[in-house]
Amino acid sequence: AYAVGHISGGHFNPAVSLGLWAGGKFEAKKLVGYIIAQLVGAIAAAGALYLILTNKAGFVSIGGFAANGYGELSPDGYSMTAALIAEFLLTAFFLLIILGSTNDRAPKGFAPIAIGLGLTLIHLISIPITNTSVNPARSTSQALFAGGEFTGQLWLFWVAPIAGAIVAGFIHKALFDKE
């Protein structure tokens, strides 16, 4: 966020962009372009990781490639319901952190610290559950390389984070964005 936040607002995540729109902090006309760029960037990054991994001596398989999943594809066997709830809530809290720390009334210059630490905590909580999505672009890129059942479960990692982000945007707008 410190490195590129001043250029694009640090938009790497379609759920964040949609949550910011819901919170009145991002123009709807920019959403499609940003989401396409986020997907292209995520796929390029996953492609680079794939090239590195497959060029390792003794390489056999990419396995799950850290793709997101539930049920048998969850790192600890969490159900679809658990994954849906976790991804919804954690993305909602992520957006509340973003919107709160970037609010005009928040101390200046600290938002990237709050956002980064919040995202770290989110990962510590949800890696065992789903391998942590909260970012549909990241989920898509990994699923494309992992293939198989991971692509069949991708819907959840679009629906839950986007729904959580939009709800958080509306909550923030209604409760905290008043003069």
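Placed above this text is the structure.
Residues numbered from 1 in each chain as written. Predicted model: local features only at pLDDT ≥ 70, side-chain atom pairs only at ≥ 80, totals over all residues. Heavy atoms only, no water.

*Asks:* Could you clarify how one ought to interpret helix 6 (residues 136-146) in this entry?
*Replies:* Helical periodicity: at 3.6 residues per turn, an α-helix aligns residues three or four positions apart in one direction. With 8 of 11 residues buried, helix 6 lies mostly within the body of the structure. For helix 6, the full list of buried residues reads Pro136, Ala137, Ser139, Thr140, Ser141, Gln142, Ala143 and Ala146. Buried positions along helix 6 lie against helix 2 (14-22), helix 3 (31-54), helix 7 (149-152) and helix 8 (156-175). With a side-chain oxygen positioned 2.9 Å from the backbone nitrogen of Ala137, the residue opening helix 6 is Asn135. A positive backbone phi angle near 65° is found at Gly147, which sits one or two residues after helix 6. (Buried < 20%, exposed > 50% of the residue type's maximum accessible area, 1.4 Å probe, protein only. Helix = DSSP H or I, 4+ residues; strand = E, 2+ residues; numbered from the N terminus. Contact = heavy atoms within 4.5 Å. Polar contact = N/O pair within 3.5 Å; in protein donor to acceptor, adjacent residues only side chain to side chain.)

*Asks:* How should I be thinking about the packing of helix 4 (residues 80-101) against helix 8 in this particular structure?
*Replies:* For any two helices packed against each other, the geometry is given by the interaxial angle and the distance between the axes. As a packed pair, helix 4 and helix 8 sit with axes 7 Å apart at the nearest point and diverge in direction by 40°. The pairing of helix 4 with helix 8 is recorded here as oblique in orientation. With respect to the hand of their crossing, helix 4 and helix 8 are arranged in right-handed fashion. Along its contact with helix 4, which presents Met80, Ala83, Leu84, Glu87, Phe88, Thr91, Ala92, Leu95, Leu96, Leu99 and Gly100, the element helix 8 presents Leu156, Phe157, Ala160, Pro161, Ala163, Gly164, Ala165, Val167, Ala168, Gly169, Ile171 and His172. Tallied by class, the residues present in the contact of helix 4 with helix 8 amount to 17 nonpolar, 5 polar and 1 charged. (Axes fitted to C-alpha atoms, helices over the stretch in contact; angles between N-to-C directions. Parallel < 35°, antiparallel > 145°, perpendicular 65-115°, else oblique. Left-handed = near helix turned anticlockwise from the far one by under 90°. Nonpolar A, V, L, I, M, F, W, Y, C, P; charged D, E, K, R; others polar.)

*Asks:* Could you clarify how one ought to interpret unusual backbone geometry in this entry?
*Replies:* Residues apart from glycine generally show negative phi values, whereas peptide bonds are mostly found in trans. The backbone of Phe65 shows a phi angle near 55°, a positive value even though the residue is not glycine. Structurally, the position occupied by Phe65 is in the loop between helix 3 and helix 4.

*Asks:* How should I be thinking about the layout of surface pockets in this particular structure?
*Replies:* Unoccupied space between atoms shows up once a probe the size of one water molecule is rolled over them. Counted as a void, the largest pocket has a volume near 880 Å³. Lining the largest pocket we find 32 residues, and of these Gly9, Gly10, Ile98, Thr102 and Ile115 sit closest to its centre. Broken down by secondary-structure element, the contributors of at least two residues to the lining of the largest pocket are helix 1 (5-8), helix 2, helix 4 and helix 5 (111-130). No other element matches the 6 residues that helix 5 contributes to the lining of the largest pocket. Looking at the lining of the largest pocket residue by residue, the class counts come to 13 nonpolar, 12 polar and 7 charged. (1 Å grid on protein atoms, 1.4 Å probe; cavity = no way out; pocket = protein on both sides within 12 Å on 5 of 7 lines; lining within 4 Å. Points joined across faces, edges and corners; volume = space filled by probe spheres on them.)

*Asks:* Is there a simple way to explain the pattern of salt bridges in this structure?
*Replies:* A side chain with one charge may pair with a side chain of the opposite charge, provided their charged atoms come close. Counted according to the given criterion, the structure contains 2 salt bridges. Note that Lys29 and Glu27 form a salt bridge whose closest N and O atoms lie 3.5 Å from each other. A salt bridge links Lys30 to Glu27; its shortest N-O distance comes to 3.6 Å. Given the relative accessible area of 36%, Lys30 is considered partly exposed. For Glu27, a relative accessible area of 40% corresponds to the partly exposed category. Overlapping salt bridges bring together Glu27, Lys29 and Lys30 as one network. (Salt bridge = Lys/Arg side-chain N within 4 Å of Asp/Glu carboxyl O.)

*Asks:* Looking at this structure, how should I read the side chain of Asn135?
*Replies:* Note on placement: Asn135 falls in the loop between helix 5 and helix 6. Overall, the relative accessible area of 14% leaves Asn135 in the buried class. Here the side chain of Asn135 touches Ala137 through a polar contact of 2.9 Å, landing on its backbone nitrogen. Residue contacts for Asn135: discarding those within four places in its chain leaves Phe12, Asn13 and Pro14.

*Asks:* I would appreciate a short explanation of the nonpolar core in the present structure.
*Replies:* As a rule of thumb, nonpolar side chains are buried together in soluble globular proteins. Within the largest apolar cluster, 22 residues are counted, with the highest numbers of intra-cluster contacts made by Val16, Leu20, Phe94, Leu95 and Ile98. Of all the elements in the fold, those that place two or more residues in this core are helix 2, helix 3, helix 4, helix 5 and helix 8. For this core, the element with the highest residue contribution is helix 4, accounting for 7 residues. The contact partners of Leu20, leaving out residues within four places of it in the chain, are His11, Lys25, Phe26, Leu95, Ile98 and Leu99. (Core = buried A, V, L, I, M, F, W, Y, C linked by side-chain atoms within 4.5 Å.)

*Asks:* Got a minute to help me understand the packing of helix 2 against helix 3 in this structure?
*Replies:* With their axes 9 Å apart at the nearest point, helix 2 and helix 3 run at an angle of 160° to one another. Relative to helix 3, the element helix 2 is oriented roughly antiparallel. In the crossing of helix 2 with helix 3, the sense of the turn from one axis to the other is right-handed. Two secondary-structure elements touch here, helix 2 through Pro14, Ser17, Leu18 and Trp21 and helix 3 through Leu31, Tyr34, Ile35 and Gln38. Per-class residue counts for the contact of helix 2 with helix 3 are 6 nonpolar, 2 polar and no charged.

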